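Examination of the molecular architecture
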Amino acid sequence: LKADKIFWDQCVSELEEVETQLENVRKLALHEAKANKIVYALPNKTKVEEDHDSDDLSVESMSLEEEVAHLRSTKIGMFALGAIRKVSQLRERVDMAKDKFAGLLEYFGESGDSKMQPHELFEIITTFCRTFDAARTDVAKIEKEKKREENKKEKEENQAKRKSDASAKNEQTRGLRQNQ
């Protein structure tokens, strides 16, 4: 199992860093769009913002439609839109994984306020699985040895019985010959 080697806090921290950097890319794309004065107008909206010729990357208040229009006007903006969508999906999955992990902890009897991390739980499960597999292998070896001993004993008993039957038959045959 590789899940015991994944550190959840590190994954969440790196996702937050990606979100922060993506926000910077979004601001940069909006700044570039304003600087180039390239805005594709949406239906019933034909507004080109004034360029203040500033290096300030702060984003003024604008509607979501206006922001998307600005972002679609540049390559970096198109990248940002795609990345925002993918990172948002990843964030949803992370939140869902957190909820499922909390349910898993509850299932295994850990309290809701437990500080156990996923890698710790999976390390326990991995250890259990390895130990269980080793025990199963040992039990299989013991059962195989028992079966082998039983077969050997049965074979010896059958040979002894055949010898005994053969001896009895020989004696009967001798007895019949003597009687004749």
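Everything here concerns the structure above.
This is a predicted model, so every value here is computed, not measured. (Residues numbered from 1 in each chain as written. Predicted model: local features only at pLDDT ≥ 70, side-chain atom pairs only at ≥ 80, totals over all residues. Heavy atoms only, no water.)

Observations concerning the overall build of the protein chain
To keep it simple, the criterion reads: Counting from the N terminus, the helices are DSSP H or I runs at least four residues long and the strands are E runs at least two residues long. Think of it in three bands: residues with accessible area under 20% of the maximum for their type are buried, residues over 50% are exposed, and the middle band is partly exposed, with areas taken using a 1.4 Å probe on protein chains only. Shrake-Rupley sampling with a 1.4 Å probe provides the accessible areas, and residues are treated as covered by the protein chains on show and by no other component.
Within the protein chain one finds four helices and zero strands. Residue burial in the protein chain is summarised as follows: out of 180 residues, 17% are buried. Put simply, the protein chain shows about 14500 Å² of open surface, and 53% of that area lies on carbon and sulfur atoms.

Quick look at the packing of helix H2 (residues 64-72) against helix H3 (residues 75-107)
How two helices sit against one another is set out by the angle between their axes and by the gap between those axes. Worth spelling out the cut-off: Axis definition: a line fitted to C-alpha atoms, limited for helices to the stretch in contact. Angles are taken between N-to-C directions and run from 0 to 180 degrees. Roughly parallel means an angle under 35 degrees; roughly antiparallel, over 145; roughly perpendicular, 65 to 115; everything else is oblique. Whether two residues touch is decided by their heavy atoms; if any such pair falls within 4.5 Å, the residues are in contact. Residues are grouped as follows: nonpolar covers Ala, Val, Leu, Ile, Met, Phe, Trp, Tyr, Cys and Pro; charged covers Asp, Glu, Lys and Arg; every other residue, Gly included, is treated as polar.
Two elements in contact, H2 and H3, have axes separated by 6 Å at closest approach and are oriented at 125°. Taken together, the axes of H2 and H3 are oblique relative to one another. Mapping the contact onto sequence places Val 68, Leu 71 and Arg 72 in H2 and Gly 77, Met 78 and Leu 81 in H3. Here the residues of the contact of H2 with H3 sort into four nonpolar, one polar and one charged.

Topic: the packing of helix H1 (residues 8-36) against H2
The contact between H1 and H2 brings their axes to 8 Å, and the two run at 80°. Compared by their axis directions, H1 and H2 come out roughly perpendicular. Residues Arg 26, Ala 29, Leu 30, Ala 33 and Lys 34 of H1 pack against Glu 67, His 70 and Leu 71 of H2. Partitioning the contact of H1 with H2 into residue classes produces four nonpolar, one polar and three charged.

Focus on the nonpolar core
Rules: Nonpolar cores were defined as sets of buried Ala, Val, Leu, Ile, Met, Phe, Trp, Tyr and Cys residues, with membership established by side-chain atoms within 4.5 Å.
By size, the foremost hydrophobic cluster in this structure holds six residues: Val 12, Leu 15, Leu 22, Ala 83, Val 87 and Val 94. Within the residue set of this core, elements represented by two or more residues are H1 and H3.

Points about H3
Where we set the bar: In this analysis, the expected span of each helix is defined as 1.5 Å times one less than the number of residues it contains.
Between the first and last C-alpha of H3 there are 48 Å, a value that for 33 residues agrees with the 48 Å anticipated at 1.5 Å per step. Within H3, burial applies to Gly 77, Ala 80, Ala 83, Val 87, Arg 91, Val 94, Phe 101 and Leu 105. In the stretch just after H3, Gly 109 is the one whose phi turns positive, near 85°.

Thoughts on the layout of surface pockets
Here the idea is plain: a probe the size of a water molecule rolls over the atoms and shows the empty space left. This is how the line gets drawn: Only protein atoms enter the 1 Å grid used here, on which a cavity is any set of points holding a 1.4 Å probe that cannot leave and a pocket is any open set flanked by protein within 12 Å on both sides along at least five of seven lines; residues with an atom within 4 Å of a point are listed as lining. Grid points are joined across faces, edges and corners, and a volume is the space filled by probe spheres set on the points.
For the largest pocket, the calculated volume is near 400 Å³. Taken together, 20 residues form the lining of the largest pocket, with Trp 8, Ala 97, Phe 101, Pro 118 and Phe 122 sitting closest to its centre. Contributions of two or more residues to the lining of the largest pocket are made by H1, H3 and helix H4 (118-179). Grouping the amino acids of the lining of the largest pocket by side-chain chemistry returns 12 nonpolar, five polar and three charged.

Observations regarding a negative patch on the surface
Defined as follows: Residues enter a patch when their relative accessible area is above 30% and they make no salt bridge; the linking distance is 9 Å between like charges and 5 Å between nonpolar side chains (Val, Leu, Ile, Met, Phe, Trp, Tyr). The salt bridge definition used is simple: a Lys or Arg side-chain nitrogen within 4 Å of an Asp or Glu carboxyl oxygen. In this tally, Lys and Arg are treated as positive and Asp and Glu as negative; His is ignored, and so are the chain termini. The atom standing in for a charge is NZ when the residue is Lys, CZ when it is Arg, CG when it is Asp and CD when it is Glu.
A contiguous patch of negative charge on the surface is contributed by Glu 149, Glu 150, Glu 154, Glu 156 and Glu 157. Topologically, Glu 156 is positioned in helix H4. In this structure Glu 156 comes out as partly exposed when scored by relative accessible area, which is 46%.

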